[in-house]
Amino acid sequence: MSDAVKVGDVSAEPGTREQGYIEGVELTTGDSINIPVVVLNGSKEGPTALLFSTQHGKELQGTAVTHEMIHERLSPDEVAGTVIAIPVANPLAFMHATYRSWIDNRDVGYVNVENTEGNTTERLASAIWENAWSKADIVVNYHCNDHPDSLYFQIIEPTEETEADVERAAEAFGITTVRKDNIVESGPGPIGADRVPTLSNKGAAEGIPELMVEFINGRYLDETSLRVGVDGTLNVLREFDLLEGEPSEGPQEDITLVPCQYTGGHGVNRAHGMVRNDSGGILYPRQPTGEFVAEGETVADIVDLHGNHVESVKMPVDGYLWAYAGSQQFATSGGMQTIESGGKVVYAFTHEENV
Ligand SMILES: [Zn+2]
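Residues numbered from 1 in each chain as written. Predicted model: local features only at pLDDT ≥ 70, side-chain atom pairs only at ≥ 80, totals over all residues. Heavy atoms only, no water.

Colleague: What exactly am I supposed to notice about the overall build of the protein chain here?
Modeller: Tallying secondary structure elements over the protein chain gives six helices and 19 strands in all. A compact globule built from 355 residues would reach a C-alpha radius of gyration of about 20 Å, and the protein chain, at 20 Å, matches this within 12%. Among the 355 residues that make up the protein chain, the fraction classed as buried is 54%. Long-range contacts, defined as pairs at least 24 residues apart, comprise 68% of the intrachain contacts of the protein chain with a sequence gap of at least 6. When the accessible surface of the protein chain is split by element, carbon and sulfur atoms take 45% of a total near 15,200 Å². (Helix = DSSP H or I, 4+ residues; strand = E, 2+ residues; numbered from the N terminus. Rg over C-alpha atoms; globule rule 2.2 N^0.38 Å. Buried < 20%, exposed > 50% of the residue type's maximum accessible area, 1.4 Å probe, protein only. Contact = heavy atoms within 4.5 Å. Areas by Shrake-Rupley, 256 points an atom, 1.4 Å probe, with all protein chains shown as cover.)

Pasting the structure below:
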């Protein structure tokens, strides 16, 4: 018989599902802001999966996916190993519906998890690392774009230690995959040029694979995001042997797909970056996401407050779009369908057939 799994104040015996909190931080009032967690310890031994949502406090779809998975789709009798669900990873951001922590405007996914006595958001990140992320054999990290016409996709950032595992996670989840290759020349190490030991970077350095999934329409729950998230996650759990059976064949159906070698096609998709603008005003998207757009085609028009057309924003490269963004609000894009100079018009990616 395997032992109880302990996460925060939760202790889950084999064959049980338990809920509780990872200790977080205290507000000026002394009120505690803790991180909710549900732990499902399977009857059989096996690996540990972390289902991790709402690192960004206004990205809600993954919260519903983790709820559905841990309470409805997974049973302690069927799981081999442990599933840890964190439905709201940054409660400081969530409580104010902001992207980052409202207290210090930091991102719990981009701070140093080794600063256990550091600033407020670093303490949240350290607690997540210590209690959950460091124990995982696979992490599914759920995010959302704001615009309802965004593309469902996933990002992988392989390192030497994690490449094989993130590739099979991507194949199992089965949606449009964008690969970021950011390997530093001085040898294996955490992803990211500055090598800050964030949750992702420290995890990658320790061989913990992470699949980052992007749903759409982040502020309001929708059935398609729930289905895509549940189907994909079940397949990842099958691929990593927490559930019996094989992942279903091929990419997920009924959502737009830009194929690559992980999803029934060839080559890879790579992030190109943000398309930006010069003029401020109202933002009019002009292209669907997930369909080919040639270099020089108009991706958006901008109309000033008098109603005059002032700019056509052009596609900088042959490629695809994953999400229109828009003006900054609370230090992130997507507040409204408006734009300031140098704003975030749309995210673009390219496809390389020969890699
Ligand atoms: Zn996000």
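Colleague: Sorry if this is basic, but what is going on with the coordination of the zinc ion here?
Modeller: Put simply, a metal with four donors set out as a tetrahedron has ideal angles of 109.5 degrees, and one with six donors set out as an octahedron has ideal angles of 90 or 180 degrees. Around the zinc ion, the donor atoms from the protein are His-56 (ND1), Glu-59 (OE), Glu-59 (OE) and His-143 (ND1), and they sit 2.0 to 2.5 Å away. What the four donor atoms of the zinc ion show is an angle range of 56 to 152° at the metal, which sorts the shape as irregular. Mapping the donors of the zinc ion onto the primary sequence yields the spacing H-x2-E-x83-H. A residue pair is termed long-range when its members are at least 10 positions apart, and Glu-59 in the loop between β5 (44-53) and α1 (61-73) and His-143 in strand β7 (residues 138-144) qualify at 84 residues. Owing to a relative accessible area of 4%, Glu-59 belongs among the buried residues under this scheme. (Donors = N, O, S within 2.8 Å, 3.2 Å for Na, K, Ca; no water. Tetrahedral: all angles 85-135°; square planar, octahedral: opposite > 155°, others 65-115°.)

Colleague: Whenever I open this one, the pairing of strand β19 (residues 344-352) confuses me. Can you help?
Modeller: Regular strands place side chains that alternate from one sheet face to the opposite one. Relative to β19, strand β11 (residues 268-275) runs antiparallel, the two sharing seven bridges. Paired with Gly-273 across the strands is Ala-348, a residue of β19. Across five bridges, strand β15 (residues 320-326) lies against β19 in antiparallel orientation. For Tyr-320, the partnering residue across the bridge sits in β19 and is Phe-349. (Pairing = 2+ DSSP bridges.)

Colleague: Explain the pattern of salt bridges to me, please; I cannot follow it from the model alone.
Modeller: Think of it this way: side chains of opposite charge can pair up when their charged atoms draw near. For the structure on display, the rule yields 14 salt bridges. Its salt-bridge partner being Asp-146, residue Arg-219 comes within 3.0 Å of it at the nearest N-O pair. Within this pair, whereas Arg-219 is found in the loop between β10 (210-215) and α6 (223-239), its partner Asp-146 is found in the loop between β7 and β8 (153-156), the two being separated by 73 residues in sequence. A residue is classified by how much of its surface remains accessible, and Arg-219, at 34% relative accessible area, is partly exposed. The class for Asp-146 is buried, based on a relative accessible area of 18%. Note that Glu-163 and Arg-179 form a salt bridge whose closest N and O atoms lie 2.8 Å from each other. (Salt bridge = Lys/Arg side-chain N within 4 Å of Asp/Glu carboxyl O.)

Colleague: Is there a simple way to think about the domain arrangement of the protein chain in this case?
Modeller: When the parts come together, some accessible area is lost, and that loss is often what is quoted as the size of the interface. Partitioning the protein chain into domains gives domain 1 (5-239) and domain 2 (268-352). Relative to domain 2, the C-alpha centre of domain 1 lies at a distance of 28 Å. Taken together, the contact between domain 1 and domain 2 spans 19 residues of the former and 19 residues of the latter. Buried area between domain 1 and domain 2, summed over both chains or domains, comes out near 1,500 Å², and the portion from carbon and sulfur atoms is 56%. When the shortest N-O distance is used, the salt bridge between Arg-270 and Asp-181 registers 2.6 Å. In terms of residue count, strand β9 (residues 176-179) provides more of the side of domain 1 that touches domain 2 than any other element does, four residues in total. (Domains from an automatic or database assignment. Buried area = accessible area lost by both parts, 1.4 Å probe.)

Colleague: In this structure, what is going on with the pairing of β5? I would like to understand it.
Modeller: As paired elements, β5 and strand β6 (residues 80-86) share six bridges and run parallel to each other. Bridge assignment links Leu-51 to a residue of β6, and that residue is Ala-85. At this point the chain moves from β5, through α1, to the parallel β6, and the crossover so formed is right-handed. (Right-handed = clockwise from strand over helix to strand, strands pointing away.)

Colleague: How do you make sense of the sheet that holds strand β14 (residues 309-314) when you look at a structure like this?
Modeller: Across a sheet, paired strands are connected by hydrogen bonds in the backbone, their directions being either parallel or antiparallel. Sheet architecture is open: four strands sit in the order β14-β13-β12-β18, paired in antiparallel fashion. What marks the edges here is a single partner per strand, and that holds for β14 and β18 (338-339). As paired strands, strand β12 (residues 281-285) and β18 are joined by two bridges and run antiparallel to one another. Pairing of Ile-282 across the sheet is with Thr-338, part of β18.

Colleague: Is there a simple way to explain α6 in this structure?
Modeller: The α-helix advances 3.6 residues per turn, and as a result positions three or four apart in sequence lie on the same side. Compared with the 24 Å implied by 1.5 Å per residue over 17 residues, the 24 Å span of α6 between its first and last C-alpha is a close match. Buried residues along α6 sit in contact with β5, α1, β6, β7, α4 (163-173) and β10. Of the residues that open α6, the one with a side-chain oxygen 3.0 Å from the backbone nitrogen of Thr-224 is Asp-222. Looking one or two residues beyond α6, the residue adopting positive phi is Asp-241, at roughly 65°. (Expected span 1.5 Å × (residues − 1). Polar contact = N/O pair within 3.5 Å; in protein donor to acceptor, adjacent residues only side chain to side chain.)

Colleague: Would you explain the sheet that holds strand β3 (residues 16-26) in this entry?
Modeller: Strand order in the open sheet formed by eleven strands is β3-β4-β6-β5-β7-β10-β8-β9-β11-β19-β15, and the pairing between neighbours is mixed. Looking at strand neighbours, the two that pair on one side only are β3 and β15, the edges of this open sheet. Neighbouring strand axes in the sheet, compared pairwise and without regard to direction, differ in orientation by 25° on average. Both strand β4 (residues 32-41) and β6 contribute to a ladder of four bridges, which runs antiparallel. Looking across to β6, one finds that Asn-41 is bridged to Thr-82. Those strands touched by helix α3 (residues 120-131) are β3, β4 and β5, and its axis lies near 155° from that of β3. On top of the sheet, α4 reaches β7, β8, β9 and β10; it is set at about 30° to β10, its chief contact. (Axes fitted to C-alpha atoms, helices over the stretch in contact; angles between N-to-C directions.)

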